[in-house]
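In case you want the letters, here they are:
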Amino acid sequence: MAARQKSMSASLMGTLAASCLLLMALWVQGGAAVPIVSPCRLDRANFQQPYITNRTFALANEASLVDNNTDVRLIGTKLFQGVKMMERCCMLKQVLNFALEEVLLPQSNRFKPYMQEVVPFLARLNKKLGQCHMECDNQNIQRNVQNLKDTVKKLGESGEIKVIGELNLLFMALKNECTRPGQSSEMDN
């Protein structure tokens, strides 16, 4: 009984100390609350697996051979226009989610065997990014993602093929914008 009371007392003291530190930090800032932003990043090792990298690029290449619309680029400079560097991963999280839900899962019976291997990999990345609490309130992000979605829908099946054909570009963008070189994150443990 006495050991349990000591344990609860120590836990209460730890919580009290943390609360005091938080209050002191707020006082130093003049009472203004600053959002605590998690550096939500994927482990770079996810993108350094030769097998899945090759499968992703092979899938994109196969779809590109069927893609007749060479005038439209979905994953490129236009997508990132007006989006701050620190917000690009947040935007790519939305693009990846759209690609999975609206294109890859419904088209999962095409481009075998690559699709069956790449989709689960991308779904795992999407799940890891989904565990992050990123604020994607930027109007440029919303507009750019909506433009991508509208373009894909307007092109119909050709747009879906284009999304699959640009998975290599999405893969590289996720690698470049959602990882820190040489570090793994809490999400990947």
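Residues numbered from 1 in each chain as written. Predicted model: local features only at pLDDT ≥ 70, side-chain atom pairs only at ≥ 80, totals over all residues. Heavy atoms only, no water.

Enquirer: Is there a simple way to explain the layout of surface pockets in this structure?
Expert: Gaps between atoms show up when a probe of the same size as a water molecule is rolled over them. In this structure, the second largest pocket occupies an estimated 240 Å³ of space. If you trace the second largest pocket, you find it lined by Val-72, Arg-73, Leu-74, Lys-78, Leu-79, Gln-81, Arg-143, Asn-144, Asn-147, Leu-148 and Thr-151. For the lining of the second largest pocket, the elements supplying multiple residues, two or more each, are α3 (77–80) and α6 (139–155). Per element, the largest residue contribution to the lining of the second largest pocket is five residues, and it comes from α6. Here the lining of the second largest pocket is built from residues that sort into four nonpolar, four polar and three charged. (1 Å grid on protein atoms, 1.4 Å probe; cavity = no way out; pocket = protein on both sides within 12 Å on 5 of 7 lines; lining within 4 Å. Points joined across faces, edges and corners; volume = space filled by probe spheres on them. Helix = DSSP H or I, 4+ residues; strand = E, 2+ residues; numbered from the N terminus. Nonpolar A, V, L, I, M, F, W, Y, C, P; charged D, E, K, R; others polar.)

Enquirer: Hey, could you run me through the side chain of Arg-41 in this one?
Expert: Within the secondary structure, Arg-41 sits in the loop between α1 (2–28) and α2 (50–66). The buried charged residue Arg-41 lacks any salt bridge, with Glu-177 as its nearest oppositely charged partner at 6.2 Å. Of the polar contacts made by the side chain of Arg-41, one reaches the backbone oxygen of Glu-177; its length is 2.4 Å. (Buried < 20%, exposed > 50% of the residue type's maximum accessible area, 1.4 Å probe, protein only. Lys, Arg positive; Asp, Glu negative; His and termini not counted. Salt bridge = Lys/Arg side-chain N within 4 Å of Asp/Glu carboxyl O. Polar contact = N/O pair within 3.5 Å; in protein donor to acceptor, adjacent residues only side chain to side chain.)

Enquirer: Any chance you could explain the side chain of Asp-67 here in plain terms?
Expert: Looking at the secondary structure, you find Asp-67 in the loop between α2 and α3. Residue class for Asp-67 comes out buried when judged on its relative accessible area of 15%. A polar atom in the side chain of Asp-67 sits 2.6 Å from the side chain of Lys-162.

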